[in-house]
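Working through the structure, step by step
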Amino acid sequence: MKRIIYIPFDHLHRKFGALKDADPAHDLIVLVESARMTSGRNWHKERLFFLISSARHFAKSLEAEGFSVEYIKAPTTIDGLELASKKHKNLPIICAEPSSFTQCEALKKHGVSFVDNDFFLTPRPAFKQWADEQKAFLMENFYRKQRIRLGVLMDGKDPVGGAWNFDKENRLPAPKKYEGAPYLEHKRDEIDAEVAAELGHTPTTTWATTRAGALKQLSNFIDNHFAEFGPLEDAMTTDNWALHHSLLSPYLNNGLLHASEVINAAVKAFNSGKVPIESAEGFMRQIIGWREYVNGMYWFLGPDYRNNNQLNAKRKLLPLFSDPSATKMACISQTVGDIKERAWVHHIPRLMLLSNLALITGTNPQEFLDWMREVFIDASEWVMVPNVIGMGVHADNGAMMTKPYAAGGAYISRMSNYCKGCTYDPKLRVGDAACPFTTLYWDFLDRHKETFAKNHRMSQQIFGLKRLSDLPELKTRAKEVLRGLDQGTI
Ligand SMILES: Cc1cc2nc3c(=O)[nH]c(=O)nc-3n(C[C@H](O)[C@H](O)[C@H](O)COP(=O)(O)OP(=O)(O)OC[C@H]3O[C@@H](n4cnc5c(N)ncnc54)[C@H](O)[C@@H]3O)c2cc1C
Ligand code: SF4
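Below is a short write-up of the structure. (Residues numbered from 1 in each chain as written. Chains lettered and ligands numbered in written order. Predicted model: local features only at pLDDT ≥ 70, side-chain atom pairs only at ≥ 80, totals over all residues. Heavy atoms only, no water.)

This model, assessed by the stated rule, comprises 34 salt bridges. With a closest N to O distance of 2.7 Å, Glu 198 and Arg 56 form a salt bridge. Note that Glu 198 is positioned in helix α7 (residues 190-199) and Arg 56 in helix α2 (residues 45-64), a separation of 142 residues in sequence. Residue Arg 56 is classed as buried on the basis of its relative accessible area of 10%. Sharing partners across several salt bridges, the network here consists of Arg 41, Arg 306, Asp 370, Arg 373, Glu 374 and Glu 381. (Salt bridge = Lys/Arg side-chain N within 4 Å of Asp/Glu carboxyl O. Helix = DSSP H or I, 4+ residues; strand = E, 2+ residues; numbered from the N terminus. Buried < 20%, exposed > 50% of the residue type's maximum accessible area, 1.4 Å probe, protein only.)

This is how it looks when you write it as structure tokens:
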């Protein structure tokens, strides 16, 4: 053997990263299941199950191809690599550039050499070049450049369909009692059973743990959901937990699928004429736009960015985040319950319910970030940090997004059917029946009116505040609501 190839649990692809030119005759493959990763925090067991079982399946597939594979359990990744080095005469270790600052530092210090991380469509230096040229880091501008650079949905120099953006068509609420095509259930095998038993967990059948399963999920999305993705992408309903979302993020993030594979399948389906432009564009925007932008911003903004708390938010994490019965708010109780069940909800509950609540209650950004990291199936440092600190709770003073995503109950009522079964009324901002989102939205604007005074994108909202005749009453109600949320009684 000439070298060790170290495969982190988020590089599980044979054709990308350090494995793309690997040879069973010369390369020893090492994977490390570190105790720090599995038991270091209060991780959702569905998430641990998915990550560990996927890695074990992947190790087995490499063995089947003829590779020598060491799957090592150790206290930390570095301990695992040391064990491998001792056993294999200090062979040089290579790895694709890791996906977080912390892991990059630790591996570099250990003498691991890196090959380019090609798990994304945008090399880190190319993103930096784009960002260095911007005054404001608008995702829309980045996305249009990506469309042109990658030649996705382009008609010469023009966007296919005559527009870059179909947001207007793509913001519909779900029709009543909306069902839609069912989602795949993934069968479990011996490896799954072994991991589940070790974790003391009964897994759902929602998440595949093999490359074959991830490919099936992709085909199922393309064949049964893609055409309807766009119009309902922001909708939330108690009738259908996934609507037409792809459920592909876990596989894109652990490497079982590569973004280019997803894009190629989507382009092929669009070219066959079965998918309307608003769905095709809406989905491409997520993959070549948002996903790449968020990863680029993580590296561009640097390791200290995660510690931002520019709105000086100090509240401790509310009990409702770990216990859905600790609130009477139907939207939050349902969402936290869904997360407990399958470690996933789509982008609007993440942004407009969970993050919005953390933002307007003044919850400490790092406590909220830690919770989000622990409970989502697809969470990683590179993707959670910009999404939470920048987009979700505006803790970076607008470095990433020009305005905070703060909203009252009216938005939630428009985009979901949650309010119908709720104790509270989205239209009310004062009184016992007032919707906590509505009360706290105005209270948040009032608390931060000086900070946002110079932000022209906030001027309409701040102006609205001046027209509230019941502001003193609202401030009293906001105090009650915050106390009730802290105590788990609201
Ligand atoms: C506060 C907040 C936290 C988030 N945390 C994560 C996270 O930890 N991991 C994660 O993968 N996504 C995260 N997202 C983005 C998005 O919510 C999920 O990617 C999506 O819900 C996953 O489900 P899906 O695969 O069905 O996505 P779809 O709606 O089908 O979208 C397709 C793909 O687009 C990509 N994508 C879309 N938006 C984003 C985004 N903002 N950032 C990165 N990728 C995006 C994902 O890879 C996703 O699989 C977060 C968004 C918000 C607002
Ligand atoms: S009334 Fe308010 S708290 Fe209740 S479901 Fe609607 S938005 Fe959520």
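Now that the structure has been shown, we can carry on.
Within the structure, ligand 2 sits among Met 329, Cys 331, Ile 412, Tyr 418, Cys 419, Cys 422, Tyr 424, Pro 426 and Cys 435. When atoms are counted within 2 Å of each cavity's grid points, the one that captures over half of ligand 2 is the second largest cavity. Residues that form the shell around ligand 2 fall into these classes: 9 nonpolar, no polar and no charged. (Near = heavy atom within 4 Å. 1 Å grid on protein atoms, 1.4 Å probe; cavity = no way out; pocket = protein on both sides within 12 Å on 5 of 7 lines; lining within 4 Å. Sits in = over half its atoms within 2 Å of the grid points. Nonpolar A, V, L, I, M, F, W, Y, C, P; charged D, E, K, R; others polar.)

Where helix α13 (residues 330-342) contacts helix α14 (residues 347-361), the two axes come as close as 11 Å, and the packing angle between them is 115°. Put simply, α13 runs roughly perpendicular to α14. α13 and α14 meet at a crossing whose hand is left-handed. Contacts from Cys 331, Ile 332, Thr 335, Val 336 and Ile 339 of α13 reach α14 at Pro 349, Leu 353, Leu 354 and Leu 357. (Axes fitted to C-alpha atoms, helices over the stretch in contact; angles between N-to-C directions. Parallel < 35°, antiparallel > 145°, perpendicular 65-115°, else oblique. Left-handed = near helix turned anticlockwise from the far one by under 90°. Contact = heavy atoms within 4.5 Å.)

We now examine the sheet that holds strand β4 (residues 93-96). Taken in spatial order, the 5 strands of this open sheet run β3-β2-β1-β4-β5, and their pairing is parallel. The open sheet has two edge strands with one neighbour each: β3 (68-74) and β5 (113-115). Neighbour-to-neighbour, the strand axes of this sheet turn through a mean angle of 30°, independent of strand direction. Relative to β3, strand β2 (residues 27-34) runs parallel, the two being bridged by 7 bridges. Bridge assignment links Val 30 to a residue of β3, and that residue is Glu 70. (Pairing = 2+ DSSP bridges.)

Around ligand 1 there are 28 residues in total, and His 245, Ser 246, Leu 247, Asn 253 and Asp 378 lie nearest to it. Within the side chain of Ser 246, an N or O atom sits 2.7 Å from an oxygen atom of ligand 1. Summarising the interface, the protein chains cover 98% of the accessible area of ligand 1, which totals 810 Å² for the free molecule. Broken down by secondary-structure element, the contributors of at least two residues to the shell around ligand 1 are α10 (249-254), α12 (277-301), α14 and α16 (381-392). Examining the composition of the shell around ligand 1, we find that 6 residues originate from one element, α12, more than from any other. Along the lines of polarity and charge, the residues of the shell around ligand 1 split into 16 nonpolar, 9 polar and 3 charged. (Polar contact = N/O pair within 3.5 Å; in protein donor to acceptor, adjacent residues only side chain to side chain. Areas by Shrake-Rupley, 256 points an atom, 1.4 Å probe, with all protein chains shown as cover.)

By themselves these figures say nothing about function.
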